[in-house]
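Results of the structural survey
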Amino acid sequence: MEIDRLEIINGTMTKRKVILTAITLAILLAAGVNSFAQVRRIQMHIGGYLCGN
Amino acid sequence: MYNIQKAVSRLDYAPKLKEIEITDIKKGLGVFVPKADKFVSFADLKETLKKAGYALDSADITIAGKLVREDKNLLLVNESSGQKFFLEGKMLEKLTAAIESDSAIEIVGIWKTKGEKEAAQEYIEPQTIKKSDKVTITKSVSLVKNAVDDEITTIRFTNANFAKANSLPVADEVSEKNKTLAPIRTTSPGLTVFQGGAITPRLYFIKQSLGNLDVYRQVLDISVSYTPTTKLQLEAEIPFSRTSFDDGVNSGSGFGLGNVTLWGKYRFFRKVKTYGDRQAALRFGLELPTGKKTAPTAQAVNAPAFVREQLTPINGGFSPHLDISFSQAGGRFIFGGNIEGILRTERDGFRLGNEIRVNTDFEYVLLPIDYQKPGKELFLILETTLMTRSNGRLGGIKMPGSSSTEFFLSPGLQYAADPRFVIEGSIQIPVFRNSGALALRTNYNLLLGVKYLF
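Residues numbered from 1 in each chain as written. Chains lettered and ligands numbered in written order. Predicted model: local features only at pLDDT ≥ 70, side-chain atom pairs only at ≥ 80, totals over all residues. Heavy atoms only, no water.

Details of the overall build of chain B
Helices and strands together make up the secondary structure of chain B, namely five helices and 23 strands. Split into buried and exposed, the 454 residues of chain B put 52% on the buried side. Once local pairs closer than 6 in sequence are excluded, the contacts in chain B between residues at least 24 apart make up 62%. Surface exposure of chain B reaches about 20,200 Å², of which carbon and sulfur atoms provide 57%. (Helix = DSSP H or I, 4+ residues; strand = E, 2+ residues; numbered from the N terminus. Buried < 20%, exposed > 50% of the residue type's maximum accessible area, 1.4 Å probe, protein only. Contact = heavy atoms within 4.5 Å. Areas by Shrake-Rupley, 256 points an atom, 1.4 Å probe, with all protein chains shown as cover.)

Shown next as structure tokens:
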């Protein structure tokens, strides 16, 4: 009985781990795709004395 | 620099203020990484800089997205925001010849907006295009800062950390730059920060004398300015003064509020070029009769009544000021000057004479000798003041011998500890004095102050 309970607990833990890992991977993938397409940098050529007021 | 940061940070797509950087003052370069999910607009960027008093000559954009062929147009679609960028230019055919539609690419190009309002479209004239088959696992702004690109040969910056000027496409050379500054005693025609301002507390330690009478003043002058429009600055100046005196027999002291002055400055002229500008402004001030007017009695100090009146924190009553100022900056040198006229009215029968002040200002960026990022600059300042004042009045009577003409030299230092924080000091020394028998003469005037921009 005790062994069965442990197996059930272990099984639940494994399932949780799998789900968590899948969610983490999905988030990472989504973040990666999202960050791929974007304006990465804007460089301005400004006329004026940039330290002045 | 803070003025530019603040102006750009107002844009919907701008990052945090501190992530907007000036990387090369000589070339007028500033960089930032916009928010990934927002539409960007060259026209809006140009407009916000114009309001702050600067001209956006051009802008380079680096963008990753999908190449799309729509009719005869080539477009780049930013998948984060959904914004479309039209590609154009002589080099376009050559650069895109080997790239299929729907390819993931990264472009560095010259950015423009064509059309207005709803019809506005963003255009890029590509300078380099590369295929981006690999997805870089990064997170918007902070990610880009630390991302390392696999194919750095076509894109000339690798670490997207824009702080390093030597990794930028244009700023290859070692550059120099300086930052927030204004003269110390001379009126600046500048407007400090558009839709922002400055708090400037200053401490003056002044010694004056007349015969056996020595006068020491410690003045705390707090100035708060705000610039609501592109050409107008408003300012309030509140002085608190402690005066002590010693005539060899008697001594004493007093403390009180001085006359509060309200200023309005209108900048009517401004021309900018790369690493330089010229500007001029007209400033009008109203000195209000708020100061303490009680003078020491004849028993307290052995001096004529008109001299004793000069021991109060005020020089008279309600007094209009008119000031015209000019400055020119180029490279490490800044030159400026102003002429100020003060018309004084009496308060309880006393006033000093009407006054004209001519100030000149010469500034040089002394340190650092060679530097990449703004901050920690030391400015060497030399100012001159020619002040001439007519005879004053007491009890409604003109007081002969109270006029004065003095010329001062004021060497000073200004240290820009931060884009928003400046420490300054200046010592005013008389070179020439021609004062009447009733006018206190200035022996020295030491100024220590800080300036905080907001």
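Brief notes about the overall build of chain A
Along its length, chain A carries one helix and one strand. A total of 53 residues make up chain A; the buried ones form 38% of that total.

Section: the layout of surface pockets
All names here are of chain B. For the largest pocket, the calculated volume is near 280 Å³. Lining of the largest pocket is provided by 15 residues; of these, M1, Q5, K18, D418 and P419 occupy positions nearest its centre. Among the elements of the structure, α1 (2-9), β1 (21-24) and β21 (404-418) are those that each provide at least two residues to the lining of the largest pocket. Grouping the amino acids of the lining of the largest pocket by side-chain chemistry returns eight nonpolar, two polar and five charged. For the second largest pocket, the calculated volume is near 230 Å³. (1 Å grid on protein atoms, 1.4 Å probe; cavity = no way out; pocket = protein on both sides within 12 Å on 5 of 7 lines; lining within 4 Å. Points joined across faces, edges and corners; volume = space filled by probe spheres on them. Nonpolar A, V, L, I, M, F, W, Y, C, P; charged D, E, K, R; others polar.)

Focus: a nonpolar patch on the surface
All names here are of chain B. Side chains of Y266, F268, L282, F284, L322, I324, I339, I356, V358 and L386 sit close together on the surface and give an oily, nonpolar patch of about 870 Å² of accessible area. Relative to the assigned elements, L322 resides in strand β14 (residues 319-330). Take L322: its relative accessible area is 47%, and that puts it in the partly exposed class. (Patch = residues over 30% accessible without salt bridge, like charges linked within 9 Å, V, L, I, M, F, W, Y side chains within 5 Å. Salt bridge = Lys/Arg side-chain N within 4 Å of Asp/Glu carboxyl O.)

Examining helix α2 (residues 42-51) of chain B
Inspection of α2(B) places F42(B), L45(B), T48(B) and L49(B) among the buried residues, and these make up the whole buried set. In an axial view of α2(B), the angular spread of the buried residues amounts to 130 degrees, which keeps them on one side of the axis. Residues of α2(B) that are buried in the fold lie against β1 (38-47) of chain A together with α1, β2 (29-32), β3 (55-70), β6 (104-114) and β7 (121-131) of chain B. Of the residues that open α2(B), the one with a side-chain oxygen 3.3 Å from the backbone nitrogen of A43(B) is S41(B). Two residues or fewer past α2(B), G53(B) is found with a positive phi of approximately 100 degrees. (Arc of directions from axis to C-beta. Polar contact = N/O pair within 3.5 Å; in protein donor to acceptor, adjacent residues only side chain to side chain.)

Description of the packing of aromatic side chains
Residue and element names in this part refer to chain B. Under the defined criterion, the tally for this structure stands at seven aromatic pairs over all chains. The interplanar angle of 70 degrees and the centroid separation of 5.7 Å between the aromatic rings of F42 and W111 together place this pair among those described as edge-to-face. Here the residue F42 occupies a position in helix α2, and W111 occupies one in strand β6, the gap between them amounting to 69 residues. With a relative accessible area of 9%, F42 lands in the buried category. The class for W111 is buried, based on a relative accessible area of 1%. Both rings, one in F333 and one in F362, keep their centres 5.9 Å apart while their planes meet at 40 degrees; by these two values the pair is tilted. (Phe/Tyr/Trp six-rings, centres within 6.5 Å; stacked < 30°, edge-to-face > 60°.)

Quick notes on the pattern of salt bridges
Residues and elements named next belong to chain B. Enumeration over the complete set of coordinates arrives at 15 salt bridges over all chains. Among the ionic pairs, E235 bridges to R283, the shortest N-O distance being 3.7 Å. Taken together, the residues span a long stretch of sequence, with E235 in strand β10 (residues 232-246) and R283 in strand β13 (residues 276-287) at a distance of 48 residues. One exposure class covers both E235 and R283, and it is buried. Close ionic contact of D277 with R270 constitutes a salt bridge, the shortest N to O distance being 3.1 Å. Judged by relative accessible area, which is 5%, D277 ranks as buried. Look at the salt bridges and you will find they share partners, linking R344, E355, R357 and R389 into a network.

Considerations on the packing of α1(B) against α2(B)
Residues and elements named next belong to chain B. Their axes nearest at 9 Å, the elements α1 and α2 cross at an angle of 140 degrees. When the interaxial angle is binned, α1 and α2 end up oblique. When you trace α1 past α2, the crossing you get is right-handed. From α1, I4, A7 and V8 reach across to α2, where they touch L45, T48 and L49. (Axes fitted to C-alpha atoms, helices over the stretch in contact; angles between N-to-C directions. Parallel < 35°, antiparallel > 145°, perpendicular 65-115°, else oblique. Left-handed = near helix turned anticlockwise from the far one by under 90°.)

So, the confidence of the model for chain B
Counting all residues, the mean pLDDT for chain B is 87, and 89% of those residues have values of 70 or more. Confidence over residues 134-179 of chain B falls short of pLDDT 50; this stretch has 132 contacts with residues more than four positions distant or in other chains. (pLDDT = per-residue confidence, 0-100.)

So, the sheet that holds strand β19 (residues 393-394) of chain B
Residue and element names in this part refer to chain B. The antiparallel open sheet is built from three strands, whose spatial order is β16-β19-β20. Each edge of the sheet is formed by a strand with only one pairing partner; in this case those strands are β16 (350-351) and β20 (397-398). Where β19 and β20 come together, two bridges link them in antiparallel fashion. Looking at β20, one finds that L394 is bridged to I397. (Pairing = 2+ DSSP bridges.)

Some words on the confidence of the model for chain A
Here chain A shows a mean pLDDT of 68. Residues at 70 or above account for 47%. Predicted confidence is poor over residues 30-37 of chain A, with pLDDT under 50, and the contacts of this stretch with residues over four places away or in other chains come to 21 contacts.

Observations regarding the pairing of strand β17 (residues 355-367) of chain B
Residues and elements named next belong to chain B. Pairing of strand β15 (residues 333-342) with β17 involves ten bridges; the strand directions are antiparallel. In the strand pairing of β17, G341 is matched with I356. Relative to strand β18 (residues 377-389), β17 runs antiparallel, the two sharing twelve bridges. Across the sheet, R357 pairs through a bridge with M387, a residue of β18.

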